[in-house]
Amino acid sequence: MKKKLAVMILVASMAASLLAACGAEADEKTNDAQAGEETAAEAAEENAEPAEEAESEPAGEELTVAGIVFQDDEFMNALINGMKKACEENGVEFVSSNSNNDQSREVELINTYAGQGVDAICIAPLDKEASLASLGAASAQGVAIGSVNMEISDSDFLVGGYASDDYANGHQVGEYAAKWIAEKYDRPIKVGLIHYDHQLPEQSSNRYGGFFAALDEAGIEYEIVANQGAEKEDLALSAASDMITAHPDIDVFYGANGGGLQGLVQAVAQSGKAGEMYAFGYDAQEGICQQLLDENDILQAIVVQDPYSQGYSSATLLIQYLKGEVEAVGTTESTPGFLLTRDDPEAVETYVEENYK
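Here we look at the sheet that holds strand E1 (residues 64–69)
Reading across the sheet, the six strands line up as E2-E1-E3-E4-E5-E11 and stay open at both edges, with parallel pairing between neighbours. The open sheet is flanked by strand E2 (93–98) and strand E11 (332–335), the only strands paired with a single partner. Pairwise comparison of adjacent strand axes, ignoring direction, gives a mean angle of 20 degrees for this sheet. Where strand E3 (residues 120–123) and strand E4 (residues 144–148) come together, four bridges link them in parallel fashion. The partner of isoleucine 121 across the bridge, within E4, is isoleucine 145. With respect to the sheet, helix H4 (residues 103–116) is in contact with E1, E2 and E3, its orientation differing from that of E2 by roughly 160 degrees.

Below you can see the structure in the form of structure tokens.
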């Protein structure tokens with residue numbers, strides 16, 4: 001009996017030990033599993049980016065810049081190409097339109113782009129007052145505004161922009177013309193002027209105002225016997241031809257923009273007055289540069305703007321503003337021009353090679 005009791009006690013003791021061991025093993029596995037879950041969670045937490053970092057600055061392609069110019073010519077196309085290049089380099093979408101010298105069309109384009117939600121407008125304005133009024137309304141809707149090809153000294157919404165110093169550039173080519181005229185003539189000269197006062201009166205008058213101021217300062221005696229507004233090549237060809245018919249004794253022409261200058265040089269060539277009539281002017285285009293190299297000896301000197309760089313720099317400034325890298329300045333920055341002259345054909349050829357080939 002005692003043996004049976006001892007055996008039963010031993011069996012019970014072994015069973016209890018076995019159960020305790022199994023329970024301990026189960027607890028250990030549970031603890032290991034929990035520890036593994038905690039480690040994985042900690043790792044995931046360490047690798048996860050903070051929520052505020054995930055909501056970073058929008059990608060460049062989400063920005064859109066609209067370019068607006070007012071004329072379809074080589075100069076304006078260069079402005080657009082500069083803007084487009086700046087946007088391409090920064091991954092920004094670019095759209096563009098031409099107002100075709102129509103103020104109401106310009107207003108329509110500004111309003112349309114603002115309504116479409118573009119981030120910025122880079123514009124060659126038609127009129128300082130009328131254009132800025134429409135642009136101010138777009139700015140109030142949250143559109144950043146940049147200007148190109150027009151000097152603006154003070155604006156409460158303009159981000160900034162780049163434009164030529166029209167008076168200084170006109171004066172620069174006038175200084176060259178004054179020396180040339182003084183060497184060629186020992187008498188007062190007669191001048192024909194092709195301008196575009198009807199289109200951009202302030203800009204146009206600055207360009208020829210600087211030219212004639214330089215003649216005055218040099219003591220050149222001259223009379224403006226004919227002047228007419230003609231901003232495009234075909235219009236200037238007709239206008240200058242009429243001037244030559246009415247005043248066949250004109251000595252010198254001045255063209256205040258590229259289209260006007262090209263047209264008037266063609267008019268002189270077609271009239272058979274090469275060698276009797278000469279020209280100076282404002283703007284460089286490939287055709288104008290070729291006229292500087294032409295043996296007909298009509299065009300003597302031009303002052304060169306850089307529309308591509310102006311468009312590129314203005315669009316770049318807008319993009320930097322949109323990204324918070326610069327602040328608005330409210331004014332345009334003047335970019336200096338430089339001369340190309342008939343007596344330095346190598347410089348003309350180099351310019352053509354670098355800009356049009």
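Details of the confidence of the model for the protein
The share of residues in the protein with pLDDT of 70 or more is 83%, and the mean pLDDT across the chain is 86. Low pLDDT, under 50, characterises residues 1–61; the predicted model gives this stretch six contacts beyond four residues in sequence or across chains.

Structural notes on the sheet that holds strand E8 (residues 252–255)
With mixed pairing, the six strands of this open sheet are ordered in space as E7-E6-E8-E9-E10-E12. Each end of this open sheet is capped by a strand with a single partner; those strands are strand E7 (222–229) and strand E12 (338–341). Between one strand axis and the next, the sheet turns through 15 degrees on average, direction left out of account. Relative to E7, strand E6 (residues 189–195) runs parallel, the two sharing seven bridges.

Focus: helix H3 (residues 74–89)
Taking 1.5 Å as the rise per residue, H3 with 16 residues should run 22 Å; its terminal C-alpha atoms sit 22 Å apart, in good agreement. Looking at H3, one finds that the buried residues are Phe75, Met76, Ala78, Leu79, Ile80, Gly82, Met83, Ala86 and Cys87. Where H3 is buried, its residues contact E1, E2, E3, E4 and helix H11 (307–322). Sitting at the head of H3, aspartate 73 places a side-chain oxygen 3.3 Å from the backbone nitrogen of phenylalanine 75. Looking one or two residues past H3, glycine 91 carries a phi angle of roughly 65 degrees, positive in sign.

Points about unusual backbone geometry
Residues other than glycine seldom take positive phi values, yet asparagine 100 does so here, at roughly 55 degrees. Its location among the elements puts asparagine 100 in the loop between E2 and H4. Residue class for asparagine 100 comes out exposed when judged on its relative accessible area of 53%. Located in the positive-phi region is aspartate 283, a residue other than glycine, with phi close to 110 degrees. Note on placement: aspartate 283 falls in the loop between strand E9 (278–282) and helix H10 (286–293).

Details of the packing of aromatic side chains
Tallying each qualifying case throughout the model produces ten aromatic pairs. With a centroid separation of 5.2 Å and 80 degrees between ring planes, the pair formed by phenylalanine 211 and phenylalanine 212 is classed as edge-to-face. For the pair phenylalanine 211 and tyrosine 254, a centre-to-centre distance of 4.1 Å together with 20 degrees between the ring planes defines the contact as stacked. Note that phenylalanine 211 is positioned in helix H7 (residues 201–217) and tyrosine 254 in strand E8, a separation of 43 residues in sequence. Across this residue pair, the class does not change: phenylalanine 211 and tyrosine 254 are buried. The rings of Trp180, Tyr185, Phe211, Phe212, Tyr222, Tyr254, Tyr278 and Phe280 are connected pair by pair, giving a single aromatic cluster. The lysine or arginine in question, arginine 207, covers the ring of tyrosine 282, its NZ or CZ lying 3.9 Å from the ring centre.

Some remarks on a negative patch on the surface
Taken together, the side chains of Asp343, Asp344, Glu346 and Glu349 present a region of like negative charge at the surface. By the secondary structure assignment, glutamate 346 is in helix H12 (residues 345–356). The exposure class of glutamate 346 is exposed, given its relative accessible area of 61%.

With respect to the state of the cysteines
Disulfide: a covalent bond formed between the sulfur atoms of two cysteine residues. Inspection of the entire model under this criterion finds zero disulfides. Cysteine 87 carries a free sulfur, and the closest cysteine sulfur to it, the one in cysteine 122, is 8.1 Å from it.

Overview of the packing of H4 against helix H5 (residues 128–140)
Packing of H4 against H5 leaves a shortest axis separation of 9 Å and a crossing angle of 10 degrees. Between H4 and H5, the interaxial angle falls into the category roughly parallel. Seen from H4, the contacting residues are Gln103, Glu106, Val107, Ile110 and Ala114; seen from H5, they are Ala130, Ser131, Ser134, Leu135 and Ala138. A per-class count over the contact of H4 with H5 returns six nonpolar, three polar and one charged.

So, how was this worked out
Residues numbered from 1 in each chain as written. Predicted model: local features only at pLDDT ≥ 70, side-chain atom pairs only at ≥ 80, totals over all residues. Heavy atoms only, no water. Pairing = 2+ DSSP bridges. Helix = DSSP H or I, 4+ residues; strand = E, 2+ residues; numbered from the N terminus. Axes fitted to C-alpha atoms, helices over the stretch in contact; angles between N-to-C directions. Contact = heavy atoms within 4.5 Å. pLDDT = per-residue confidence, 0-100. Expected span 1.5 Å × (residues − 1). Buried < 20%, exposed > 50% of the residue type's maximum accessible area, 1.4 Å probe, protein only. Polar contact = N/O pair within 3.5 Å; in protein donor to acceptor, adjacent residues only side chain to side chain. Phe/Tyr/Trp six-rings, centres within 6.5 Å; stacked < 30°, edge-to-face > 60°. Lys NZ or Arg CZ within 6 Å of the ring centre and 35° of its normal. Patch = residues over 30% accessible without salt bridge, like charges linked within 9 Å, V, L, I, M, F, W, Y side chains within 5 Å. Areas by Shrake-Rupley, 256 points an atom, 1.4 Å probe, with all protein chains shown as cover. Salt bridge = Lys/Arg side-chain N within 4 Å of Asp/Glu carboxyl O. Lys, Arg positive; Asp, Glu negative; His and termini not counted. Charge placed at Lys NZ, Arg CZ, Asp CG, Glu CD. Disulfide = S-S within 2.5 Å. Parallel < 35°, antiparallel > 145°, perpendicular 65-115°, else oblique. Nonpolar A, V, L, I, M, F, W, Y, C, P; charged D, E, K, R; others polar.

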